[in-house]
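If you want the building blocks of each chain, they are given just below.
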There are 2 protein chains.
Amino acid sequence: MSVIYNRVALIGLGLIASSMFWAMKRRGLAGEVTGFARSAETRETARRIGLCDRVFDTAREAVEGADLVVLCVPVGVMGDVVAEIASALKPGATLTDVGSVKRDVIENVTPHLPENVHFIPGHPIAGTEHSGPESGFAELFDNRWLLLVPVEGSDPDAIARLRHLWEEIGSNVEEMEAEHHDLVLAVTSHAPHLIAYTMVGVADDLRRVTDSEVIKYSAAGFRDFTRIAASDPTMWRDVFLTNKDATLEILGRFTEELFALQRAIRTGDGEHLHDYFTRTRAIRRSIIEAGQDTDAPDFGRGKRSK
Amino acid sequence: MSVIYNRVALIGLGLIASSMFWAMKRRGLAGEVTGFARSAETRETARRIGLCDRVFDTAREAVEGADLVVLCVPVGVMGDVVAEIASALKPGATLTDVGSVKRDVIENVTPHLPENVHFIPGHPIAGTEHSGPESGFAELFDNRWLLLVPVEGSDPDAIARLRHLWEEIGSNVEEMEAEHHDLVLAVTSHAPHLIAYTMVGVADDLRRVTDSEVIKYSAAGFRDFTRIAASDPTMWRDVFLTNKDATLEILGRFTEELFALQRAIRTGDGEHLHDYFTRTRAIRRSIIEAGQDTDAPDFGRGKRSK
């Protein structure tokens with residue numbers, strides 16, 4: 001047991017908040033964890049499964065006396081939530097968030113911040129396609145990256161303490177500037193999600209290929225797309241609307257490349273295709289070497305034997 | 001032990017052939033399995049790891065006396081391989097393939113077929129991003145689909161026997177018409193692969209987002225794309241060139257939908273995005289219910305505990 005914050009308040013009780021709770025409990029990192037969710041049903045579920053030591057019916061009650069407040073709500077409502085809780089925040093408290101977009105959150109939260117509260121935006125690069133209070137598990141952040149995006153004038157001690165918490169939760173922590181964060185994530189996460197959503201939508205639309213066939217024969221490629229495209233609709237709507245510029249820029253690049261490959265297919269330019277596919281294969285090897293995925297032949301989905 | 005074919009010849013010794021070998025061994029489905037690979041290095045590896053009972057230096061020797069010959073080479077060379085082995089095939093033998101495209105393979109193989117050989121095209125809907133003789137494992141086909149695409153006048157007994165083999169290997173077998181197969185696969189596999197290749201290529205091109213950042217922060221979305229984009233370049237070049245029409249048709253639909261979503265992002269139409277993402281989420285649920293993927297919160301990549 002090594003308590004880092006006496007009291008932590010989780011605002012929003014979905015996948016990330018519930019995983020944080022179980023991860024903090026696992027190692028006794030918080031004296032007490034309070035929670036709040038907008039939906040009465042979510043609060044009831046949280047109470048039933050023991051998610052948070054106390055669940056409150058208002059966000060203001062949940063943050064009262066908290067040394068750390070973690071905003072785990074969709075990025076589109078971060079500003080509104082802070083406006084609501086601002087005057088209830090404890091002087092000297094740290095406020096952080098887990099949103100996938102940083103510039104927009106900073107712009108919307110900053111105007112409501114009390115002077116004596118440390119705002120340190122954050123983003124855990126971890127998730128699954130599941131959502132809600134029952135989807136969390138303690139290992140979600142193990143060996144995953146947590147990006148801290150401190151704003152101008154952030155208190156070094158407050159940053160160090162928040163970094164310590166995330167490291168004890170299991171993450172590797174790095175600091176990054178907000179604009180750059182949003183571009184990197186547009187490449188590694190936001191554009192791929194939109195593309196996956198699109199492809200799954202196309203399949204759903206095709207009347208000649210019946211639903212059951214798409215579903216039955218979805219072993220390769222498409223199956224992974226459907227998993228990505230099963231992510232929380234509200235969260236992702238907000239991500240695209242708040243990281244509009246970077247996402248549209250990357251999608252523009254994507255379309256350009258896709259057209260070039262389509263042309264190669266149409267003209268039968270096998271060499272272009274082979275070269276392109278050989279290059280992308282090398283990137284995969286780097287990711288496995290970086291420890292961010294498994295090399296198991298069945299993706300770790302079953303056991304191997306020969 | 002229930003031998004279905006006394007002698008099976010595997011032509012091409014990559015992921016599919018090696019997995020078939022281990023799956024047949026597991027249940028004693030073949031009296032003897034012979035093998036051939038074009039590359040001397042692959043043949044050496046096969047001999048070293050015990051892949052096939054006998055590995056031959058020519059395809060003609062490998063197929064001599066075989067009751068079943070399985071073509072496990074890229075779809076672009078199926079016709080050439082059959083031209084080479086045709087006169088060495090045993091009268092009454094069954095010839096099948098495992099290619100991801102069917103119409104083109106049928107067109108290129110049929111002209112070389114001896115009259116007394118039963119050609120029954122097939123396609124196991126199973127795979128990983130790995131390739132080569134050491135990538136196979138016996139469970140690859142367990143509970144996966146195997147599509148048989150019999151040509152006109154195929155012998156019902158020969159079809160029934162091949163179906164029996166694949167069922168004993170672990171697959172669920174269905175029959176499908178070639179054109180329809182190629183369209184369904186364009187949706188569920190070919191277009192998604194090209195899209196994944198494209199996105200990974202875009203990330204690689206972006207100089208402002210350094211390679212190491214793309215790799216480090218690839219937790220969500222992009223990581224799955226890199227796995228798909230690590231698949232065998234030669235195999236996939238051939239798939240796109242031989243299933244050109246269906247792939248280009250689906251990619252056209254994809255681009256159309258992508259542009260509509262881009263417009264929704266640009267104009268801030270959150271309702272359009274939310275509706276679209278809600279619809280795609282439902283497809284995922286159907287796939288899990290159909291038993292074609294796991295619902296584990298961490299994709300089965302680690303163990304869960306609370």
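Residues numbered from 1 in each chain as written. Chains lettered and ligands numbered in written order. Predicted model: local features only at pLDDT ≥ 70, side-chain atom pairs only at ≥ 80, totals over all residues. Heavy atoms only, no water.

## Focus on the pattern of salt bridges
All chains considered together, the criterion is met by 33 salt bridges over all chains. Among the salt bridges present, the one from glutamate 129 of chain A reaches arginine 227 of chain A, with a minimum N-O distance of 3.9 Å. Here the residue glutamate 129 of chain A occupies a position in the loop between strand 7 (122–124) and strand 8 (145–148), and arginine 227 of chain A occupies one in helix 9 (residues 222–228), the gap between them amounting to 98 residues. Classification of glutamate 129 of chain A by relative accessible area gives buried; the value is 5%. When its relative accessible area of 4% is taken as the criterion, arginine 227 of chain A is described as buried. Of the charged contacts, one joins arginine 48 of chain B and glutamate 134 of chain B as a salt bridge, the two residues approaching to 3.7 Å between their closest N and O atoms. Within this pair, whereas arginine 48 of chain B is found in helix 2 (residues 40–49), its partner glutamate 134 of chain B is found in the loop between strand 7 (122–124) and strand 8 (145–148), the two being separated by 86 residues in sequence. When salt bridges with common partners are traced through the structure, they connect Arg7, Glu32 and Arg54 of chain A into a single cluster. (Salt bridge = Lys/Arg side-chain N within 4 Å of Asp/Glu carboxyl O. Helix = DSSP H or I, 4+ residues; strand = E, 2+ residues; numbered from the N terminus. Buried < 20%, exposed > 50% of the residue type's maximum accessible area, 1.4 Å probe, protein only.)

## A closer look at the interface of chain A and chain B
Taken together, the 116 residues of chain A in the interface contact 116 residues of chain B. Taking both partners together, chain A and chain B bury about 11000 Å²; carbon and sulfur atoms supply 66% of that area. Here chain A and chain B share three salt bridges between them. With a shortest N-O distance of 2.7 Å, aspartate 224 of chain A and arginine 227 of chain B are connected by a salt bridge. Along the contact surface separating chain A from chain B lie 24 residue pairs in polar contact (both at pLDDT 80 or more). Among the secondary structure elements, those contributing two or more residues to the side of chain A that touches chain B are strand 8, helix 7 (178–205), helix 8 (211–216), helix 9, helix 10 (233–242), helix 11 (244–267) and helix 12 (270–289) of chain A. Here the residues of the side of chain A that touches chain B sort into 55 nonpolar, 30 polar and 31 charged. (Contact = heavy atoms within 4.5 Å. Buried area = accessible area lost by both parts, 1.4 Å probe. Polar contact = N/O pair within 3.5 Å; in protein donor to acceptor, adjacent residues only side chain to side chain. Nonpolar A, V, L, I, M, F, W, Y, C, P; charged D, E, K, R; others polar.)

## Quick look at the packing of helix 7 of chain A against helix 11 (residues 244–267) of chain B
Helix 11 of chain B packs onto helix 7 of chain A with a crossing angle of 125 degrees between their chain directions and a minimal axis gap of 9 Å. Here helix 7 of chain A is positioned oblique relative to helix 11 of chain B, judged by the angle of their axes. Judged by the sense of rotation from one axis to the other, the crossing of helix 7 of chain A with helix 11 of chain B is right-handed. Where helix 7 of chain A approaches helix 11 of chain B, its residues Leu194, Ile195, Thr198, Met199, Val202 and Asp205 of chain A are matched on the opposing element by Ile250, Arg253, Phe254, Glu257, Leu258, Leu261 and Ile265 of chain B. (Axes fitted to C-alpha atoms, helices over the stretch in contact; angles between N-to-C directions. Parallel < 35°, antiparallel > 145°, perpendicular 65-115°, else oblique. Left-handed = near helix turned anticlockwise from the far one by under 90°.)

## Considerations on helix 12 of chain A
All names here are of chain A. If you check helix 12, its first and last C-alpha atoms are 29 Å apart, about what 20 residues at 1.5 Å a residue would give, namely 28 Å. All of the buried residues along helix 12 are Gly270, Leu273, Tyr276, Phe277, Thr280, Arg281, Ile283, Arg284 and Ile287. For helix 12, the buried positions fall inside an angular range of 160 degrees around the axis, keeping them on one side. Exposed and facing more than 90 degrees away from the buried side of helix 12 are Glu271 and Glu289. (Expected span 1.5 Å × (residues − 1). Arc of directions from axis to C-beta.)

## Overview of the side chain of glutamate 168 of chain A
Residue and element names in this part refer to chain A. Examined against the element boundaries, glutamate 168 turns out to sit in helix 6 (residues 156–169). Of note is the side chain of glutamate 168, whose polar atom sits 3.2 Å from the side chain of arginine 27. Discounting chain neighbours no more than four positions away, the residues touching glutamate 168 are Ser2, Ile4, Arg27 and Leu29.

## Observations regarding the nonpolar core
Counting 100 residues, the largest nonpolar core has Ile11, Val69 and Met199 of chain B as its most contacted members. When residues in this core are grouped by element, the largest group, 13 residues, is from helix 7 (residues 178–205) of chain B. With residues near it in sequence (within four places) discarded, methionine 199 of chain B still touches Val187, Ala191, Pro192, Ile195, Ile250 and Phe254 of chain A together with Phe222 and Phe225 of chain B. (Core = buried A, V, L, I, M, F, W, Y, C linked by side-chain atoms within 4.5 Å.)

## A closer look at the sheet that holds strand 7 of chain A
Where strands meet in a sheet, backbone hydrogen bonds hold them as pairs that are either parallel or antiparallel. All names here are of chain A. Ordered in space as 7-8-9, the three strands form an open sheet in which the pairing is mixed. Of all strands in the sheet, those bounded by a partner on one side alone are strand 7 and strand 9 (172–175). Strand-to-strand twist of the sheet, defined as the mean angle between neighbouring strand axes without regard to direction, takes the value 20 degrees. Direction of pairing for strand 8 relative to strand 9: parallel, over a ladder of four bridges. Directly across from tryptophan 145, in strand 9, lies its bridge partner asparagine 172. Across the sheet, helix 6 lies against strand 7, strand 8 and strand 9, angled at about 150 degrees from strand 9, the strand it touches most. (Pairing = 2+ DSSP bridges.)

## Some words on unusual backbone geometry
Comment: phi is negative for the bulk of residues other than glycine, and the bulk of peptide bonds are trans. Phi at cysteine 52 of chain A is positive, roughly 85 degrees, even though this residue is not glycine. Position of cysteine 52 of chain A among the secondary structure elements: in the loop between helix 2 (40–49) and strand 3 (54–56).

## Examining the relation of the copies chain A and chain B
For these two chains of identical sequence, chain A goes onto chain B by a turn of 180 degrees and a shift of 0.0 Å along the axis, with RMSD 0.0 Å. The superposition of one copy onto the other is thereby described by a two-fold rotation axis. Comparing interface residues between copies, 100% of those in chain A also lie at the interface in chain B; the contact surface is shared. (Least-squares fit on C-alpha atoms with pLDDT ≥ 70 in both.)

Any link to function would need more than the numbers given here.
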